[in-house]
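Now for the letters of each chain:
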Amino acid sequence: MRPRRALPVDDGRHDRHELEKLLRQVALGDRVAFERVYDMVAAPVYGVVLRVLRDPAQSEEVAQEVLVEVWRAAARFDASRGSGMSWVMTIAHHRAVDRVRAAQASTVREDRAARLEVHRPYDDVAESVEATLEWERLRRCLSGLTELQRQSVTYAYYGGYTYREVAELLKVPLATVKTRMRDGLIRMRDCLGVER
Amino acid sequence: MSRDPHTLAGAYALHAVDDPAERASFEEHLDRCAECAEETRGLRETAARLGSAVAQEPPAALRDRVLAEIGVVRQLPPAVSPVADLDRHRASRRPLWPRVVSGLAAAALAAAVTLGVVALRTQDLLDRERQANSRVAAVLAAPDATTVSSADGGVSARVVMSRSQGTMVFFSAGLAPLPDGKTYQLWRIGPAGPLPDRLTRPDPSGRTPPLVLGKLGDTTQVGITVEPAGGSAKPTTSPLMVMPLPPA
Ligand SMILES: [Zn+2]
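Remember, predicted model here, so these are calculated numbers, not experimental data.

Conventions adopted
- Residues numbered from 1 in each chain as written.
- Chains lettered and ligands numbered in written order.
- Predicted model: local features only at pLDDT ≥ 70, side-chain atom pairs only at ≥ 80, totals over all residues.
- Heavy atoms only, no water.
- Contact = heavy atoms within 4.5 Å.
- Buried area = accessible area lost by both parts, 1.4 Å probe.
- Salt bridge = Lys/Arg side-chain N within 4 Å of Asp/Glu carboxyl O.
- Helix = DSSP H or I, 4+ residues; strand = E, 2+ residues; numbered from the N terminus.
- Pairing = 2+ DSSP bridges.
- Axes fitted to C-alpha atoms, helices over the stretch in contact; angles between N-to-C directions.
- Disulfide = S-S within 2.5 Å.
- Buried < 20%, exposed > 50% of the residue type's maximum accessible area, 1.4 Å probe, protein only.

Undergrad: Sorry, what's going on with the interface of chain A and chain B here?
TA: Note on interface size: it is often stated as the accessible area lost on association of the parts. Facing 80 residues of chain A, the contacting portion of chain B comprises 67 residues. Across the interface of chain A and chain B, roughly 7,200 Å² is buried in total on both sides, 56% from carbon and sulfur atoms. Put simply, chain A and chain B have six salt bridges between them. B:R65 is the salt-bridge partner of A:E60, the closest N and O atoms lying 2.8 Å from each other. With 13 residues, helix α2 (residues 31-53) of chain A is the single largest residue contributor to the side of chain A that touches chain B.

Right, here's the structure in full:
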């Protein structure tokens, strides 16, 4: 069994149950509830999509798809399996990453490696993001990771790279990358005081 | 992939496992390994924080476009029931549904339809859910499917088992919500004592989704306890319910 984690400090978490309640209303076709959901999730959704795609026009398009999906699939949200925000963000991240992968499906590997020369996911994000409290906390937690953990986690999450690509790009064995992604995220979870 | 599936939770939560076969095999593992399932959930919450921390206000026009679009988009129904799955199988060449449905199996199926709110998260997770649904459907449709029900203090639970397949599915309704930090845990109880099985939490209506439990084997009873989140190796509280299974 896992040792007890630190108590959450948190931000946005009081909204958590509210978002879940609203999603249940949305599932019943409540458009007014959806507008409130929109106001709670649109910025996180657009933010993550933008970091992954790095193109505002495409990001707006994908963010629209994601937000409509939240409306369409609200009945499938199950609070016993995770928070509402994590449900929404999983949809957003998957859509954005899948879009990047589809666009690059035809690109040869060397080009992808070359792309990394100019695209360093964490630095790019750090330069472009708004300095909010939540970002500051995340950045502090990220700085508690080893270099390899941080790169593995951020290349995958913000760069949309698969763990195989990350291994190739960082020139480390596959098993090492898998382990670093896992222990890096575990350390982040504990540092952020994520529930469950 | 069978080498050490436990290590894949991080890559999986980061959506960094792109090989569909590898992803499917990890998802299969999640259905079996309570520890990985719990860990994956926590890591997915963590990944979501990487996303929400980089929030950025979208252009105002997006709101109008989204609100206009939802006016014409039809919403999904709440659940994908095992019935839908059975229909698909029925249409395919191998009939999964036996010609004569035993009363018990039919009752179990009805329960599955009522209780079977299987959450679907994203298109990506659809396959996993479909697999889980079809495993549930396979147990319910087994010619020797047997239902064991139990009701106690507002909680009703049901195990549908098939000796020929060596499988069981657990359903319940009426379980009280738990505080964060606690989970319900199922146990397969046999000659060796209680073996840890799936972790579950009821949805807001108090139902748990159908859960395929571990190998039936020499299990004689199925029990449920409240445990610390993440589950326990041995029960740490007395069971809320113990359901004896009919002998082979
Ligand atoms: Zn495992």
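Right, picking up where we left off after that structure.
Undergrad: Please explain the sheet that holds strand β6 (residues 208-212) of chain B as it appears in this structure.
TA: Sheet strands line up and pair through hydrogen bonds in the backbone, either parallel or antiparallel. Residue and element names in this part refer to chain B. Judged by pairing direction, the sheet is antiparallel, and its four strands sit side by side in the order β1-β2-β3-β6 without closing on themselves. A strand with exactly one partner marks an edge of an open sheet, and here the two such strands are β1 (146-152) and β6. Averaged over all neighbouring strand pairs, the angle between strand axes comes to 15 degrees, with direction disregarded.

Undergrad: So what exactly am I meant to see when it comes to the sheet that holds strand β5 (residues 193-200) of chain B here?
TA: Residue and element names in this part refer to chain B. Taken in spatial order, the four strands line up as β5-β4-β7-β8 in an open sheet, and their pairing is antiparallel. Looking at the sheet topology across the chains shown, the edges are occupied by β5 and β8 (241-244). Taking the axes of each pair of neighbouring strands and ignoring which way they run, one obtains an average angle of 30 degrees across the sheet. Two strands pair when backbone bridges link them, and strand β4 (residues 182-190) and strand β7 (residues 221-228) are joined in this way by eight bridges, in the antiparallel orientation. Across the sheet, the residue bridging to W187 is G223, located in β7.

Undergrad: What is the right way to read the state of the cysteines from this model?
TA: Here, the word disulfide means a covalent bond between the sulfur atoms of two cysteines. Residues and elements named next belong to chain A. Under the criterion given, the structure shown has one disulfide over all chains. Between C141 and C191 runs a disulfide, and the two sulfur atoms are separated by 2.0 Å. Because the sign of the S-S torsion sets the handedness, a value of about -80 degrees for the bond joining C141 and C191 places this disulfide among the left-handed ones. With C141 in helix α7 (residues 133-143) and C191 in helix α10 (residues 174-192), this residue pair connects regions lying 50 residues apart in the sequence. Note on C191: relative accessible area 40%, which makes it partly exposed.

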